[in-house]
Amino acid sequence: MASSRAGWRCVRCVAQAENALVQPWSRARQFSTTAFRPEEVIQQQQPQDSLPPPPPARAQAKGKLDPNTVSTPRLERKLVREQHVLPIGSRRRRAALRRAREIPFEQLPYQCFQEARKILAADRMEKLEQIEIQRARLQKAKAQQVEPQHERWKERRVISLEKHLEELKVFADVNDPIVKRIFEDGKGDLNKPVYRHLAEKKWQSYDKKVNVQRIEQFNLVPDIVAALEPVVATDLAFDGRKIEPGQYIDSTVSEAAPNVNIQSFQKGERLVTIACVNPDIPNVARDNFDYRCHFLASNVKITPTSPLVQLAKLSRDSQTILPWMPAYTQKGAPYQRMAFIILEQPENTPIDTTSASVKVKRDGFILRSFIDRHRLFPIGANLFRSQWDEATAGVMKRLGVPGHDVEFKRMKVEPLPYKKLPGNRYR
């Protein structure tokens, strides 16, 4: 049996060898004039033999990781944990850069990619022609002489043409992969309309939804303002650390004035007013809550490229109306909302802070009245929460605020005395 099995194996090996010798054409493609695919790869890679091959993932793990080429979840976590650096761009893009490190992004050897770039280039040329036509229309509209009663119509016409011109500038470059790559790398110039458009779309996709949810969840509308639709991204940071909307902040941390990042997505300079209002001050006499203004400043300039506002460095003569007051909550009282409201000043008209400081009081501050008096418009908001902690008493002492030794307790409601009903009512 063993000898027959061995003989069968020998016959099989001989048959395979004969087939390989008799039929050498079995591995080649028929009816084709192009080179065999492995040969194409070899021919394409021959000129690039001088270039160093990209380092494998294991070699990256041993040394310092590159945030531009890390493409696995494990190495991404290691990059954040050891080097405290976030990966740049999408994982798909980083994997492509790792495989083609020495090839420029716009020259990646993908046929579909290059054909798409040709289509986008032709579309961009059409948009540039439309931009030139729109600029000529805009200049003609500005130079047009109209009667005094038609001045408002001319202003609306110019504004409409300028808006359409900005849209054409966005449409010309919004689909360009080079532009998207620069934006993903965080190198986009917000002075250009296309990068402002991409930044606004990214903010609206998630961060704005979270911001609107917190505004509705903590009832900033209508407790503080009548209506609010955020059009600027507002972020708070204490001691250089960004906080989430509605996060609890210790009283010692809030002793230093925070930094407010107000990211605008419209071109040009805007004057805004920043107000921090606490609507949860307990009023024992009225069994209700009052308002307190912890900060108020006007004539704050913001642009798309300079959104950071350091409250501690604002001018006390022309900007700050009420300086920063740390957040504190007395013992036993519920948490208190510290709401930052961003108000746009109409037509960038400055506010006289000297006269405003005379009328504004910290306790009992009503933001609605301040908005109506200066014709302001809410464009953004954010908040954090304050509660009693171990250091609150010390903060209140340093501020000279009374009540650090007062504790609020809920009033116990006594039940009504039991009264037995007469039994004749059941007969």
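Structure: see above.
Residues numbered from 1 in each chain as written. Predicted model: local features only at pLDDT ≥ 70, side-chain atom pairs only at ≥ 80, totals over all residues. Heavy atoms only, no water.

Examining the pairing of strand 9 (residues 377-386)
- Across the 10 residues that make up strand 9, a large majority, 9, are buried.
- Bridge count between strand 8 (residues 336-344) and strand 9: 9 bridges; the pairing is antiparallel. Pairing of Glu344 across the sheet is with Phe377, part of strand 9. (Buried < 20%, exposed > 50% of the residue type's maximum accessible area, 1.4 Å probe, protein only. Helix = DSSP H or I, 4+ residues; strand = E, 2+ residues; numbered from the N terminus. Pairing = 2+ DSSP bridges.)

Overview of helix 4 (residues 73-83)
- If you check which residues of helix 4 are buried, you get Leu75, Glu76, Lys78 and Leu79. Mapping the buried residues of helix 4 onto a view down its axis gives an arc of 165°, with all of them on the same face. Exposed side chains of helix 4 directed beyond 90 degrees from the buried face belong to Arg77 and Arg81.
- One or two steps after helix 4, the chain reaches His84, where phi turns positive at roughly 55°. (Arc of directions from axis to C-beta.)

Let's talk about the pattern of salt bridges
- Tallying each qualifying case throughout the model produces 19 salt bridges.
- Two residues, Glu166 and Lys169, come together in a salt bridge whose shortest N-O distance is 3.7 Å. Of this pair, Glu166 and Lys169 both sit in helix 7 (residues 151-173), 3 residues apart, which is roughly one turn of that helix.
- Overall, the relative accessible area of 18% leaves Glu166 in the buried class.
- Taking the shortest distance from any N to any O, the salt bridge between Asp363 and Arg292 comes out at 3.7 Å. Residue Asp363 is found in the loop between helix 12 (353-359) and helix 13 (367-374), and its partner Arg292 is found in strand 5 (residues 288-302); the two are separated by 71 residues along the sequence. (Salt bridge = Lys/Arg side-chain N within 4 Å of Asp/Glu carboxyl O.)

Structural notes on the packing of helix 7 against helix 9 (residues 193-205)
- Where helix 7 contacts helix 9, the two axes come as close as 8 Å, and the packing angle between them is 80°. Classed by the angle they form, the pair helix 7 and helix 9 counts as roughly perpendicular. Residues Glu166, Lys169, Val170 and Asp173 of helix 7 pack against Pro193, Val194, Arg196 and His197 of helix 9.
- In the contact of helix 7 with helix 9, the residues fall into 3 nonpolar, 1 polar and 4 charged. (Axes fitted to C-alpha atoms, helices over the stretch in contact; angles between N-to-C directions. Parallel < 35°, antiparallel > 145°, perpendicular 65-115°, else oblique. Contact = heavy atoms within 4.5 Å. Nonpolar A, V, L, I, M, F, W, Y, C, P; charged D, E, K, R; others polar.)

Take it as geometry only, folks, not as evidence of what the structure does.
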